[in-house]
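Residues per chain, in single letters:
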Amino acid sequence: MKLIYAIVRNDNEDDVMDALMHANFQVTKLATTGGFLKKGNSTLMIATDDERVDAAIEAIKKECGKRQKITVNMPYVSGTSMVSYTTMPMQVEVGGATIMVVNLERFEKY
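Quick summary incoming for the structure in this document. The structure displayed is predicted, hence computed values, not measured ones. Numbering of residues begins from 1 in every chain and follows the order in which that chain's sequence is written. Reporting of local features is limited, given that this is a predicted model, to residues whose pLDDT is at least 70; pairs of side-chain atoms are given and counted only at 80 or more, and all residues count toward the totals for whole chains, interfaces and linings. The side-chain figures draw on all heavy atoms in the structure; neither hydrogens nor water molecules are used.

Focus: the sheet that holds strand β2 (residues 27–34)
A strand pair is defined by DSSP finding two or more bridges across the two strands. Secondary structure is summarised from DSSP: a helix means a run of H or I of at least four residues, a strand means a run of E of at least two, and numbering begins at the N terminus for each. Overall, antiparallel pairing links the four strands, which are arranged β2-β3-β1-β6 in an open sheet. Single-partner strands in this sheet number two, and they are β2 and β6 (97–103). If you compare each strand with its neighbour and ignore which way they point, the axes differ by 20° on average. Note on definitions: a residue-residue contact is assigned when non-hydrogen atoms from the two residues lie within 4.5 Å. For helices, the fitted line uses only the C-alpha atoms of the stretch in contact; every axis is such a line through C-alpha atoms, and the angle between N-to-C directions lies from 0 to 180 degrees. The sheet contacts of helix α1 (residues 10–22) involve β1 (2–9), β2 and β3 (39–48), and relative to β3 the element is tilted by about 20°.

Written out as structure tokens, the structure reads:
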């Protein structure tokens, strides 16, 4: 058995969970916060047989397409006024998923 960790943006979480459940995968969701944009993510945990790992990953990929987004990140400067700082919009890639697959020694469901 394998345990799949899939970290997806909250924007994609409902579609990913629906696709996985439609394909008869059991999914547990954890709310997480991630990296660069400090936006909410969901970490999905999927326990599955070895031969179904690729099907789960394909379902996740299908619902988590990458796209470009314009964002403005405010600089953090301790102890000074932000009035003198200008910010530039920047284009970043959002979406996609981070997927990790690990061996699962034991799985029980009651």
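Examining the packing of aromatic side chains
Ring pairs shown here join Phe, Tyr and Trp side chains whose ring centres sit within 6.5 Å, with only the six-membered ring taken for Trp; geometry is labelled stacked below 30 degrees between planes, edge-to-face above 60, and tilted in between. In total, this model carries zero aromatic pairs according to the counting rule given. Any Lys NZ or Arg CZ that is within 6 Å of a ring centre and within 35 degrees of that ring's normal is treated as a charge sitting over the ring. Over the ring of Phe 25 we find Arg 52; its NZ or CZ atom is 4.0 Å from the centre of that ring.

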